[in-house]
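In case you want the letters, here they are:
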Amino acid sequence: MVEAVLIDLFSLPANLQNNIQGLLRNTLETIEKCSSIPAPFVYVMCCQRQGSEKNGEQESLLPALRDFQSLKKRLEVVHALSTAAVLYTIKQRLDEKDLSIIKVILPTLRKDLMKVYVDHLFTAVYQFEFEILQVASDCENLQIVEPRSEGQTLPLQDVALIRSEIQMYLESLPSLKGELTILRSSLIPEDIFLHGFTTRTGGISYIPTLSSCNLFCNSKRRDPQVVVKENLRRLANAAGFNLETFRRVKVDHANAVCILGKTEPDSYDGIVTNQKGVTIAAPGADCIPVLFADPVRRACGAAHSGWKGTLLGVSMATVNAMVSEYGCNVKDILVVLGPSVGPCCYRLPHESAKEFHRIDPKCVRLFDSESPYIDIRRATRILLQSGGILPENIQDDSVTDQNQNITFCTACHPDKFYSHFRDGTNFGTQIGFISIKD
(Lines give C-alpha, C1' and ligand atoms only; values in the text may rest on other atoms or scores of the structure.)
Protein backbone atom coordinates (compact mmCIF):
# COMPACT_ATOMS: atom_id res chain seq x y z
CA MET A 1 0.00 0.00 0.00
CA VAL A 2 1.35 3.41 -1.01
CA GLU A 3 2.24 5.42 2.11
CA ALA A 4 3.17 8.71 0.46
CA VAL A 5 2.58 10.41 -2.89
CA LEU A 6 4.95 12.99 -4.40
CA ILE A 7 3.43 15.25 -7.05
CA ASP A 8 6.23 16.86 -9.04
CA LEU A 9 5.22 20.33 -10.23
CA PHE A 10 8.80 21.54 -10.02
CA SER A 11 9.38 22.08 -13.72
CA LEU A 12 6.17 21.64 -15.67
CA PRO A 13 6.26 22.04 -19.46
CA ALA A 14 5.27 25.54 -20.57
CA ASN A 15 1.97 24.41 -22.07
CA LEU A 16 0.82 23.14 -18.66
CA GLN A 17 1.88 26.10 -16.51
CA ASN A 18 -1.39 27.95 -17.05
CA ASN A 19 -3.42 24.90 -16.10
CA ILE A 20 -1.46 24.03 -12.97
CA GLN A 21 -4.40 24.42 -10.58
CA GLY A 22 -6.70 22.25 -12.67
CA LEU A 23 -3.98 19.67 -13.13
CA LEU A 24 -3.32 19.53 -9.39
CA ARG A 25 -7.03 19.39 -8.56
CA ASN A 26 -7.61 16.45 -10.90
CA THR A 27 -4.59 14.58 -9.53
CA LEU A 28 -5.68 15.12 -5.91
CA GLU A 29 -9.23 14.02 -6.72
CA THR A 30 -7.91 10.74 -8.06
CA ILE A 31 -5.66 10.21 -5.04
CA GLU A 32 -8.59 10.93 -2.70
CA LYS A 33 -10.95 8.55 -4.53
CA CYS A 34 -8.44 5.74 -4.87
CA SER A 35 -6.94 5.93 -1.40
CA SER A 36 -7.59 3.44 1.31
CA ILE A 37 -8.07 4.64 4.87
CA PRO A 38 -5.91 6.26 6.08
CA ALA A 39 -5.08 8.29 2.99
CA PRO A 40 -1.41 8.56 1.99
CA PHE A 41 0.64 11.61 2.86
CA VAL A 42 0.83 13.88 -0.17
CA TYR A 43 3.74 16.21 -0.93
CA VAL A 44 3.51 18.72 -3.78
CA MET A 45 6.97 19.64 -5.10
CA CYS A 46 7.27 23.25 -6.28
CA CYS A 47 10.11 25.50 -7.40
CA GLN A 48 10.75 28.59 -5.30
CA ARG A 49 12.03 31.23 -7.69
CA GLN A 50 15.15 33.15 -6.69
CA GLY A 51 14.11 36.25 -4.77
CA SER A 52 10.42 35.28 -4.69
CA GLU A 53 8.28 35.17 -1.58
CA LYS A 54 8.64 31.78 0.07
CA ASN A 55 4.91 31.15 0.34
CA GLY A 56 3.91 32.70 -2.99
CA GLU A 57 3.67 29.42 -4.86
CA GLN A 58 1.81 27.72 -2.05
CA GLU A 59 -0.72 30.56 -1.91
CA SER A 60 -1.26 30.32 -5.68
CA LEU A 61 -2.13 26.65 -5.25
CA LEU A 62 -4.50 27.15 -2.31
CA PRO A 63 -7.68 27.24 -4.43
CA ALA A 64 -6.78 23.81 -5.78
CA LEU A 65 -6.08 22.45 -2.29
CA ARG A 66 -9.06 23.76 -0.31
CA ASP A 67 -11.60 21.10 -1.24
CA PHE A 68 -9.60 18.07 -0.16
CA GLN A 69 -10.60 17.75 3.47
CA SER A 70 -9.68 14.07 3.74
CA LEU A 71 -6.14 14.92 2.66
CA LYS A 72 -5.92 18.26 4.46
CA LYS A 73 -3.74 17.19 7.39
CA ARG A 74 -1.68 14.93 5.15
CA LEU A 75 -1.11 17.41 2.34
CA GLU A 76 1.91 19.69 2.15
CA VAL A 77 3.39 21.93 -0.50
CA VAL A 78 7.19 21.80 -0.34
CA HIS A 79 9.13 24.43 -2.29
CA ALA A 80 12.85 25.09 -2.65
CA LEU A 81 15.33 26.50 -5.13
CA SER A 82 16.45 23.11 -6.46
CA THR A 83 15.09 19.61 -6.92
CA ALA A 84 17.79 18.31 -4.58
CA ALA A 85 16.67 20.68 -1.83
CA VAL A 86 12.96 19.94 -2.17
CA LEU A 87 13.49 16.16 -2.34
CA TYR A 88 15.82 16.20 0.67
CA THR A 89 13.18 18.13 2.63
CA ILE A 90 10.53 15.60 1.64
CA LYS A 91 12.88 12.76 2.62
CA GLN A 92 13.10 14.27 6.09
CA ARG A 93 9.29 14.28 6.31
CA LEU A 94 9.16 10.63 5.21
CA ASP A 95 11.80 9.62 7.73
CA GLU A 96 10.04 11.44 10.57
CA LYS A 97 6.96 9.29 9.85
CA ASP A 98 8.93 6.12 9.01
CA LEU A 99 7.36 5.94 5.51
CA SER A 100 9.01 3.94 2.75
CA ILE A 101 6.46 3.05 0.02
CA ILE A 102 6.24 6.07 -2.26
CA LYS A 103 4.49 6.91 -5.52
CA VAL A 104 5.88 9.77 -7.63
CA ILE A 105 3.51 11.46 -10.09
CA LEU A 106 5.45 13.59 -12.55
CA PRO A 107 5.69 14.86 -16.14
CA THR A 108 7.18 12.46 -18.66
CA LEU A 109 10.25 14.66 -19.18
CA ARG A 110 11.10 14.54 -15.47
CA LYS A 111 10.95 10.79 -15.01
CA ASP A 112 14.54 9.85 -15.89
CA LEU A 113 15.85 12.89 -14.02
CA MET A 114 13.86 11.98 -10.92
CA LYS A 115 15.19 8.44 -10.92
CA VAL A 116 18.74 9.77 -10.72
CA TYR A 117 17.84 12.01 -7.76
CA VAL A 118 16.09 9.10 -6.04
CA ASP A 119 19.03 6.73 -6.62
CA HIS A 120 21.39 9.23 -4.97
CA LEU A 121 19.25 10.53 -2.10
CA PHE A 122 17.48 7.33 -1.02
CA THR A 123 18.53 3.76 -0.21
CA ALA A 124 16.95 0.34 -0.80
CA VAL A 125 14.84 0.86 2.35
CA TYR A 126 12.45 2.88 0.16
CA GLN A 127 10.21 1.55 -2.63
CA PHE A 128 9.32 3.91 -5.47
CA GLU A 129 6.63 3.75 -8.13
CA PHE A 130 6.58 6.27 -10.99
CA GLU A 131 3.51 7.52 -12.81
CA ILE A 132 3.01 10.12 -15.50
CA LEU A 133 1.19 13.30 -14.47
CA GLN A 134 -2.11 13.44 -16.32
CA VAL A 135 -5.40 15.32 -16.29
CA ALA A 136 -7.54 12.20 -16.26
CA SER A 137 -9.22 11.74 -12.91
CA ASP A 138 -10.48 8.17 -12.98
CA CYS A 139 -8.95 5.65 -10.62
CA GLU A 140 -8.23 3.20 -13.38
CA ASN A 141 -5.74 5.46 -15.14
CA LEU A 142 -3.80 6.39 -12.02
CA GLN A 143 -3.44 2.80 -10.91
CA ILE A 144 -1.23 2.06 -13.90
CA VAL A 145 2.27 1.99 -12.44
CA GLU A 146 5.20 2.19 -14.77
CA PRO A 147 7.95 -0.26 -13.81
CA ARG A 148 11.34 1.18 -13.03
CA SER A 149 13.54 0.71 -16.09
CA GLU A 150 16.97 -0.86 -15.75
CA GLY A 151 20.06 1.06 -16.68
CA GLN A 152 20.78 4.76 -17.07
CA THR A 153 18.96 6.60 -19.89
CA LEU A 154 20.17 10.14 -19.17
CA PRO A 155 23.32 11.51 -20.83
CA LEU A 156 26.32 11.29 -18.51
CA GLN A 157 26.70 15.07 -18.41
CA ASP A 158 23.14 15.40 -17.05
CA VAL A 159 23.87 12.83 -14.36
CA ALA A 160 27.04 14.74 -13.46
CA LEU A 161 25.04 17.98 -13.14
CA ILE A 162 22.55 16.30 -10.80
CA ARG A 163 25.37 14.92 -8.66
CA SER A 164 26.94 18.37 -8.51
CA GLU A 165 23.61 19.95 -7.53
CA ILE A 166 23.12 17.40 -4.74
CA GLN A 167 26.68 17.85 -3.48
CA MET A 168 26.41 21.65 -3.44
CA TYR A 169 23.16 21.45 -1.50
CA LEU A 170 24.53 19.01 1.08
CA GLU A 171 27.65 21.13 1.53
CA SER A 172 25.40 24.10 2.35
CA LEU A 173 23.66 22.31 5.24
CA PRO A 174 24.66 23.21 8.81
CA SER A 175 26.41 20.69 11.04
CA LEU A 176 24.20 18.98 13.62
CA LYS A 177 24.83 18.20 17.29
CA GLY A 178 27.78 20.58 17.57
CA GLU A 179 31.20 20.77 15.98
CA LEU A 180 33.06 17.82 14.52
CA THR A 181 35.19 16.21 17.26
CA ILE A 182 38.21 13.95 16.78
CA LEU A 183 39.79 11.97 19.63
CA ARG A 184 43.55 11.47 19.42
CA SER A 185 46.00 9.29 21.32
CA SER A 186 49.19 10.57 22.91
CA LEU A 187 50.77 7.16 22.29
CA ILE A 188 50.99 7.66 18.51
CA PRO A 189 53.67 10.27 17.61
CA GLU A 190 51.96 13.16 15.86
CA ASP A 191 55.10 14.25 14.00
CA ILE A 192 55.01 10.99 12.00
CA PHE A 193 51.35 9.96 11.91
CA LEU A 194 48.00 11.65 11.37
CA HIS A 195 45.30 9.74 13.22
CA GLY A 196 42.10 9.96 15.19
CA PHE A 197 38.79 8.43 16.24
CA THR A 198 35.57 10.16 15.27
CA THR A 199 32.55 10.85 17.44
CA ARG A 200 28.94 11.36 16.30
CA THR A 201 28.97 15.19 16.17
CA GLY A 202 29.51 17.62 13.31
CA GLY A 203 27.86 15.88 10.35
CA ILE A 204 24.56 16.33 8.51
CA SER A 205 22.83 12.97 9.15
CA TYR A 206 19.50 13.87 10.77
CA ILE A 207 17.80 10.52 11.60
CA PRO A 208 18.07 10.19 15.41
CA THR A 209 20.06 6.93 15.54
CA LEU A 210 22.33 8.14 12.70
CA SER A 211 22.72 11.78 13.72
CA SER A 212 24.98 13.40 12.94
CA CYS A 213 28.41 12.29 11.63
CA ASN A 214 27.50 8.80 10.42
CA LEU A 215 30.34 7.39 8.30
CA PHE A 216 28.88 4.19 6.91
CA CYS A 217 25.89 3.28 4.78
CA ASN A 218 24.27 0.10 3.54
CA SER A 219 20.98 -0.95 1.97
CA LYS A 220 19.28 -1.43 5.36
CA ARG A 221 19.85 2.11 6.61
CA ARG A 222 18.16 5.36 5.63
CA ASP A 223 21.36 7.38 5.27
CA PRO A 224 22.37 7.41 1.58
CA GLN A 225 25.94 7.29 0.30
CA VAL A 226 25.90 10.99 -0.65
CA VAL A 227 25.24 12.00 2.97
CA VAL A 228 27.97 9.70 4.28
CA LYS A 229 30.36 11.14 1.68
CA GLU A 230 29.54 14.67 2.82
CA ASN A 231 30.19 13.69 6.45
CA LEU A 232 33.49 12.14 5.37
CA ARG A 233 34.40 15.28 3.39
CA ARG A 234 33.87 17.39 6.51
CA LEU A 235 35.99 14.97 8.54
CA ALA A 236 38.79 15.06 5.95
CA ASN A 237 38.79 18.87 6.02
CA ALA A 238 38.85 18.96 9.82
CA ALA A 239 41.51 16.24 10.19
CA GLY A 240 43.65 17.30 7.24
CA PHE A 241 43.72 14.16 5.08
CA ASN A 242 43.10 13.68 1.35
CA LEU A 243 39.77 12.02 0.54
CA GLU A 244 41.09 10.76 -2.80
CA THR A 245 43.58 8.50 -1.01
CA PHE A 246 41.20 7.35 1.75
CA ARG A 247 40.64 3.59 2.14
CA ARG A 248 38.59 1.69 4.70
CA VAL A 249 38.28 -2.00 5.46
CA LYS A 250 35.54 -4.10 3.86
CA VAL A 251 34.00 -5.56 6.99
CA ASP A 252 33.54 -9.33 7.15
CA HIS A 253 33.84 -9.89 10.94
CA ALA A 254 36.80 -12.17 10.28
CA ASN A 255 40.61 -11.82 10.18
CA ALA A 256 41.68 -11.21 6.58
CA VAL A 257 44.13 -8.32 6.06
CA CYS A 258 44.59 -6.15 2.95
CA ILE A 259 48.15 -5.12 2.05
CA LEU A 260 47.67 -1.78 0.33
CA GLY A 261 49.19 -1.92 -3.14
CA LYS A 262 48.69 -5.66 -3.54
CA THR A 263 45.65 -7.60 -4.75
CA GLU A 264 42.67 -6.53 -2.68
CA PRO A 265 40.64 -9.32 -1.03
CA ASP A 266 36.85 -9.34 -1.53
CA SER A 267 36.47 -8.56 2.17
CA TYR A 268 38.88 -7.86 5.00
CA ASP A 269 38.86 -6.45 8.53
CA GLY A 270 42.46 -5.30 8.64
CA ILE A 271 44.46 -3.02 6.34
CA VAL A 272 48.14 -1.99 6.42
CA THR A 273 50.35 0.41 4.46
CA ASN A 274 53.74 2.11 4.39
CA GLN A 275 52.67 4.64 1.74
CA LYS A 276 52.81 8.26 2.82
CA GLY A 277 49.64 10.34 2.55
CA VAL A 278 47.29 7.36 2.27
CA THR A 279 44.66 7.35 5.03
CA ILE A 280 43.36 3.94 6.11
CA ALA A 281 40.40 3.42 8.42
CA ALA A 282 38.29 0.90 10.29
CA PRO A 283 34.68 1.42 11.42
CA GLY A 284 33.19 0.75 14.82
CA ALA A 285 29.80 1.02 16.45
CA ASP A 286 30.52 -1.24 19.45
CA CYS A 287 33.19 -3.25 17.59
CA ILE A 288 36.69 -1.92 18.28
CA PRO A 289 38.41 0.30 15.71
CA VAL A 290 42.08 -0.58 16.35
CA LEU A 291 44.97 1.56 15.08
CA PHE A 292 48.58 0.35 14.67
CA ALA A 293 51.69 2.51 14.21
CA ASP A 294 55.37 1.65 13.86
CA PRO A 295 57.39 4.88 14.10
CA VAL A 296 60.66 3.01 13.37
CA ARG A 297 59.71 1.40 10.04
CA ARG A 298 57.07 4.07 9.37
CA ALA A 299 54.18 1.73 8.71
CA CYS A 300 50.62 1.71 10.01
CA GLY A 301 47.46 -0.35 10.10
CA ALA A 302 43.79 -0.30 11.05
CA ALA A 303 41.48 -3.14 12.05
CA HIS A 304 37.83 -3.69 12.81
CA SER A 305 37.56 -6.06 15.75
CA GLY A 306 34.12 -7.25 16.82
CA TRP A 307 33.65 -10.26 19.04
CA LYS A 308 34.07 -12.68 16.11
CA GLY A 309 37.12 -10.88 14.76
CA THR A 310 38.62 -10.73 18.24
CA LEU A 311 38.31 -14.49 18.65
CA LEU A 312 39.74 -15.01 15.14
CA GLY A 313 42.74 -12.81 16.03
CA VAL A 314 42.27 -9.96 13.56
CA SER A 315 44.48 -7.60 15.59
CA MET A 316 47.48 -9.95 15.60
CA ALA A 317 46.84 -10.74 11.94
CA THR A 318 47.25 -7.01 11.25
CA VAL A 319 50.44 -6.90 13.34
CA ASN A 320 51.82 -9.95 11.52
CA ALA A 321 51.11 -8.32 8.15
CA MET A 322 53.14 -5.26 9.19
CA VAL A 323 55.99 -7.51 10.32
CA SER A 324 56.05 -9.67 7.19
CA GLU A 325 55.44 -6.89 4.63
CA TYR A 326 57.41 -3.97 6.05
CA GLY A 327 59.99 -5.62 8.30
CA CYS A 328 58.47 -4.17 11.48
CA ASN A 329 59.69 -5.36 14.86
CA VAL A 330 56.69 -6.39 16.92
CA LYS A 331 58.18 -4.58 19.94
CA ASP A 332 58.08 -1.26 18.06
CA ILE A 333 54.43 -1.42 17.10
CA LEU A 334 52.04 0.85 19.00
CA VAL A 335 48.37 -0.17 19.29
CA VAL A 336 45.43 2.03 20.28
CA LEU A 337 41.97 0.61 20.98
CA GLY A 338 39.25 3.08 20.04
CA PRO A 339 35.72 3.68 21.36
CA SER A 340 33.85 0.39 21.67
CA VAL A 341 31.25 -1.34 23.79
CA GLY A 342 32.57 -2.02 27.28
CA PRO A 343 32.19 -4.97 29.65
CA CYS A 344 29.65 -2.84 31.52
CA CYS A 345 27.13 -3.28 28.69
CA TYR A 346 28.10 -5.99 26.23
CA ARG A 347 26.53 -9.42 26.54
CA LEU A 348 26.77 -12.57 24.42
CA PRO A 349 25.08 -15.98 24.55
CA HIS A 350 26.74 -18.42 26.93
CA GLU A 351 28.22 -20.56 24.12
CA SER A 352 30.07 -17.57 22.65
CA ALA A 353 31.15 -16.44 26.13
CA LYS A 354 32.97 -19.74 26.62
CA GLU A 355 35.52 -18.76 23.96
CA PHE A 356 36.35 -15.54 25.81
CA HIS A 357 36.52 -17.43 29.10
CA ARG A 358 39.21 -19.66 27.56
CA ILE A 359 41.31 -16.59 26.71
CA ASP A 360 41.02 -15.33 30.29
CA PRO A 361 38.25 -15.91 32.84
CA LYS A 362 38.43 -12.18 33.64
CA CYS A 363 37.07 -11.49 30.14
CA VAL A 364 33.68 -12.78 31.28
CA ARG A 365 31.40 -11.60 34.08
CA LEU A 366 28.43 -13.65 35.31
CA PHE A 367 29.77 -16.62 33.37
CA ASP A 368 27.03 -18.98 34.53
CA SER A 369 24.21 -16.77 33.22
CA GLU A 370 22.51 -17.24 29.84
CA SER A 371 24.04 -13.99 28.55
CA PRO A 372 27.31 -13.18 30.36
CA TYR A 373 29.00 -9.78 30.11
CA ILE A 374 32.02 -9.83 27.79
CA ASP A 375 35.20 -7.72 27.77
CA ILE A 376 36.38 -7.81 24.14
CA ARG A 377 38.99 -5.14 24.92
CA ARG A 378 40.71 -7.27 27.56
CA ALA A 379 40.65 -10.24 25.20
CA THR A 380 42.20 -8.12 22.43
CA ARG A 381 44.89 -6.82 24.76
CA ILE A 382 45.75 -10.32 26.01
CA LEU A 383 46.01 -11.69 22.46
CA LEU A 384 48.23 -8.77 21.41
CA GLN A 385 50.53 -9.25 24.39
CA SER A 386 50.68 -12.98 23.70
CA GLY A 387 51.83 -12.11 20.17
CA GLY A 388 54.70 -9.96 21.45
CA ILE A 389 53.21 -6.43 21.64
CA LEU A 390 54.62 -4.73 24.74
CA PRO A 391 51.98 -3.93 27.42
CA GLU A 392 53.13 -0.29 27.54
CA ASN A 393 52.59 -0.05 23.76
CA ILE A 394 48.87 -0.80 24.03
CA GLN A 395 46.52 2.03 24.84
CA ASP A 396 43.18 0.95 26.25
CA ASP A 397 42.09 3.80 28.47
CA SER A 398 39.64 1.63 30.36
CA VAL A 399 42.73 0.33 32.19
CA THR A 400 45.69 2.60 31.34
CA ASP A 401 44.73 6.27 31.38
CA GLN A 402 41.51 7.55 32.82
CA ASN A 403 42.48 11.17 32.22
CA GLN A 404 42.97 11.03 28.45
CA ASN A 405 40.20 8.65 27.53
CA ILE A 406 40.03 7.26 24.00
CA THR A 407 38.38 3.93 24.79
CA PHE A 408 34.95 5.11 25.87
CA CYS A 409 32.07 2.65 26.09
CA THR A 410 29.98 3.44 23.01
CA ALA A 411 26.78 2.09 24.55
CA CYS A 412 27.15 4.26 27.67
CA HIS A 413 27.63 7.56 25.81
CA PRO A 414 24.72 8.19 23.39
CA ASP A 415 25.69 11.87 23.12
CA LYS A 416 29.20 11.00 21.86
CA PHE A 417 28.99 7.65 20.02
CA TYR A 418 26.87 5.34 17.92
CA SER A 419 26.04 1.89 19.22
CA HIS A 420 24.46 -1.05 17.39
CA PHE A 421 23.91 -2.75 20.74
CA ARG A 422 21.98 0.29 22.03
CA ASP A 423 20.28 1.67 18.89
CA GLY A 424 19.24 -1.39 16.85
CA THR A 425 19.55 -2.03 13.12
CA ASN A 426 19.39 1.57 11.82
CA PHE A 427 22.54 2.58 13.72
CA GLY A 428 25.35 4.97 12.82
CA THR A 429 29.07 4.27 12.64
CA GLN A 430 32.23 6.08 13.71
CA ILE A 431 35.74 5.26 12.48
CA GLY A 432 39.37 5.16 13.52
CA PHE A 433 41.81 6.46 10.86
CA ILE A 434 45.56 6.76 10.45
CA SER A 435 48.10 7.84 7.82
CA ILE A 436 51.83 8.45 7.52
CA LYS A 437 52.56 12.13 7.06
CA ASP A 438 54.38 13.32 3.92
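These figures come from a predicted structure and were not determined experimentally.

### Remarks on the overall build of the protein
Here's step 1: Along its length, the protein carries 13 helices and 18 strands.
Here's step 2: Per-residue burial over the protein gives 53% buried out of 438 residues.
Here's step 3: Sequence separation of at least 24 residues holds for 70% of the intrachain contacts in the protein that already meet a minimum separation of 6.
Here's step 4: By element, 50% of the accessible surface of the protein is carried by carbon and sulfur atoms, the whole surface being about 19400 Å².

### Section: the side chain of Thr83
Here's step 1: Within the secondary structure, Thr83 sits in helix H4 (residues 83-97).
Here's step 2: Thr83 sits in the buried class, given a relative accessible area of 3%.
Here's step 3: Setting aside anything within four residues of it in sequence, one finds Thr83 in contact with Phe10, Met45, Arg110, Tyr117 and Glu165.

### Brief notes about the pattern of salt bridges
Here's step 1: One pass over the structure, following the stated rule, counts 17 salt bridges.
Here's step 2: Between Asp396 and Arg381 there is a salt bridge, with the nearest N and O atoms lying 2.4 Å from each other. Here Arg381 lies in helix H12 (residues 376-386) and Asp396 lies in the loop between strand E17 (394-395) and helix H13 (420-423), a separation of 15 residues in the sequence.
Here's step 3: Assessed through its relative accessible area of 1%, Asp396 is described here as buried.
Here's step 4: Residue classification places Arg381 among the buried positions, given a relative accessible area of 11%.
Here's step 5: Via salt bridges that share partners, Lys91, Asp95, Asp98 and Arg222 belong to a single interconnected network.

### Side note on the confidence of the model for the protein
Here's step 1: Summing up the model confidence of the protein, the mean pLDDT is 89 and the portion of residues at 70 or higher is 88%.
Here's step 2: Scored below 50 in pLDDT, residues 135-149 makes 35 contacts in the model with residues more than four places away or belonging to other chains.

### As for the sheet that holds strand E11 (residues 279-284)
Here's step 1: Taken together, five strands build an open sheet; the order of strands is E6-E7-E18-E11-E8 and the sheet is mixed. In this open sheet, the two strands that pair with only one neighbour each are strand E6 (182-183) and strand E8 (246-248).
Here's step 2: Looking at chain direction, strand E7 (residues 193-198) and strand E18 (residues 430-436) are connected through five bridges and run antiparallel. Note on E18: the bridge partner recorded for Phe197 is Gly432.

### With respect to H4
Here's step 1: Over its 15 residues, H4 extends 21 Å from the first C-alpha to the last, a length consistent with the 21 Å expected when each residue adds 1.5 Å.
Here's step 2: Taken across its 15 residues, H4 has eleven buried, putting it largely inside the fold.
Here's step 3: When H4 is considered as a whole, its buried residues turn out to be Thr83, Ala84, Ala85, Val86, Leu87, Tyr88, Thr89, Ile90, Lys91, Leu94 and Asp95.
Here's step 4: Phi for Asp98, located one or two positions after H4, is positive at around 60°.

### Description of the nonpolar core
Here's step 1: By size, the foremost hydrophobic cluster in this structure holds 42 residues, and its most contacted members are Tyr88 and Leu170.
Here's step 2: Sort the elements by how many residues they give to this core and H4 lands first, with seven residues.
Here's step 3: Looking at which domains feed residues into this core, each of domain 1 (4-49 + 63-136 + 158-172) and domain 2 (182-436) gives three or more.
Here's step 4: Residues within four places of Leu170 in sequence aside, it is in contact with Tyr88, Ile204, Val226, Val227, Glu230 and Arg234.
Here's step 5: Membership of the second largest hydrophobic core comes to 35 residues, among which are Val257, Val314, Leu348 and Ile374.

### Here's the deal with the sheet that holds strand E3 (residues 75-80)
Here's step 1: Pairing in this open sheet of five strands is parallel, and the strands run E3-E2-E1-E4-E5 from one edge to the other. Lying at the two open borders of the sheet, with one neighbouring strand each, are E3 and strand E5 (127-132). The mean angle between the axes of side-by-side strands here comes to 20°, regardless of whether they run parallel or antiparallel.
Here's step 2: For strand E1 (residues 4-8) and strand E4 (residues 101-106), the ladder comprises four bridges, and the chain directions are parallel. Residue pairing across strands places Ala4 opposite Ile102, the latter belonging to E4.

### Re the pairing of strand E13 (residues 299-305)
Two faces belong to every sheet, and in a regular strand the side chains alternate between them.
Here's step 1: Across the seven residues of E13, seven count as buried, placing the element largely inside the fold.
Here's step 2: Because side chains alternate across E13, one face comprises the buried residues Ala299, Gly301, Ala303 and Ser305, and the other comprises Cys300, Ala302 and His304, equally buried.
Here's step 3: Bridge analysis of strand E10 (residues 270-273) against E13 gives four bridges, and the strand direction is antiparallel. Bridging across to E13, Gly270 finds its partner in Ala303.

Here is what the cut-offs are and how they apply
Residues numbered from 1 in each chain as written. Predicted model: local features only at pLDDT ≥ 70, side-chain atom pairs only at ≥ 80, totals over all residues. Heavy atoms only, no water. Helix = DSSP H or I, 4+ residues; strand = E, 2+ residues; numbered from the N terminus. Buried < 20%, exposed > 50% of the residue type's maximum accessible area, 1.4 Å probe, protein only. Contact = heavy atoms within 4.5 Å. Areas by Shrake-Rupley, 256 points an atom, 1.4 Å probe, with all protein chains shown as cover. Salt bridge = Lys/Arg side-chain N within 4 Å of Asp/Glu carboxyl O. pLDDT = per-residue confidence, 0-100. Pairing = 2+ DSSP bridges. Expected span 1.5 Å × (residues − 1). Core = buried A, V, L, I, M, F, W, Y, C linked by side-chain atoms within 4.5 Å. Domains from an automatic or database assignment. Axes fitted to C-alpha atoms, helices over the stretch in contact; angles between N-to-C directions.

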